[in-house]
Amino acid sequence: MAQKDVVYQEAGCYRFDPRGGRPYLVGGKCRRCGYAAFPARAVCPVCIDRESMEEVSLGSRGTVDTFSVLRAGAPGFEAPYVVAYVLMPAGGRVFSLITGCEPSEGSLEIGTEVELVIEKIREDEQGNEVRGYKFRPVGAGERGAGPR
Ligand SMILES: [Zn+2]
């Protein structure tokens with residue numbers, strides 16, 4: 001059997017803090033107007049300026065802006081599961097899977113504080129583990145958290 005690898009998808013969208021290894025999201029912020037985007041953009045859509053955007057940390061915690069329980073899975077995803085838009089205090093609205101809670105409407109509320117985790121998302125066609133970013137409710141514990 002072939003060796004299985006771990007693949008990090010959208011790896012430019014997050015980094016690991018060198019002190020302690022906690023992940024944080026990477027976005028773009030406009031030096032002129034303060035507009036923040038996730039994922040990072042090359043051009044500020046407010047200023048229409050290609051020189052003003054710089055890469056910034058958007059941190060690792062946000063709040064649920066809206067969420068949905070999906071009962072039919074996309075290919076490679078086992079339903080039911082939860083997806084949400086997460087608002088980052090530094091700016092940016094992030095579409096993400098939610099982990100660490102039951103996949104039901106009562107598990108989350110708008111405004112629930114969530115934290116970034118880098119975890120297995122799915123397996124690819126070769127059986128490799130594909131990891132990417134998700135959020136989980138703060139206080140949901142370390143259950144299911146990836147080591148890095
Ligand atoms: Zn701008």
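All residue numbers refer to position in the chain's written sequence, counted from 1. Restriction of local features to residues with pLDDT of at least 70 applies here, the model being predicted, together with a cutoff of 80 or more for giving and counting side-chain atom pairs; totals for whole chains, interfaces and linings are based on all residues.

The protein has the name Zn-ribbon domain-containing OB-fold protein in an unreviewed UniProt entry, where Tectimicrobiota bacterium is given as its organism.

Draft legend 1. Geometry of the overall build of the protein. From N to C terminus, the protein includes zero helices and 10 strands. Numbering of helices and strands starts at the N terminus; helices are DSSP runs of H or I of at least 4 residues and strands are runs of E of at least 2. Taken from the N to the C terminus, the helices and strands of the protein come in the order β-β-β-β-β-β-β-β-β-β. Values of the radius of gyration come from C-alpha atoms, whereas the globule rule sets the reference at 2.2 Å times the count of residues to the power 0.38. The C-alpha radius of gyration of the protein comes to 16 Å, within 12% of the 15 Å expected for a compact globule of 148 residues. Dimensions of the protein along its principal axes, counting C-alpha atoms only, are 50 × 40 × 30 Å.

Draft legend 2. Layout of unusual backbone geometry. The omega angle of the peptide bond from Phe-38 to Pro-39 is -10°, so this bond is cis rather than trans. Tracing the backbone through its elements, the reader meets Pro-39 in the loop between β4 (36-37) and β5 (53-59). Of note, the amide linkage connecting Ala-79 to Pro-80 takes the cis form, showing an omega dihedral of -5°. Locating Pro-80 in the fold gives a position in the loop between β6 (61-70) and β7 (81-87). In the Ramachandran plot, Ile-48 falls in the positive-phi region, its phi being about 50° despite a non-glycine side chain.

Draft legend 3. The arrangement of the UniProt feature "domain: ChsH2 C-terminal OB-fold" (unreviewed entry) in the protein in detail. UniProt positions are given in the numbering used here, feature names are shortened, and annotations may be inferred rather than shown by experiment. UniProt records the feature "domain: ChsH2 C-terminal OB-fold" (unreviewed entry) at residues 56-118, using the numbering of this structure. Helix makes up 0% of residues 56-118 and strand makes up 52%, while its end C-alpha atoms are separated by 18 Å.

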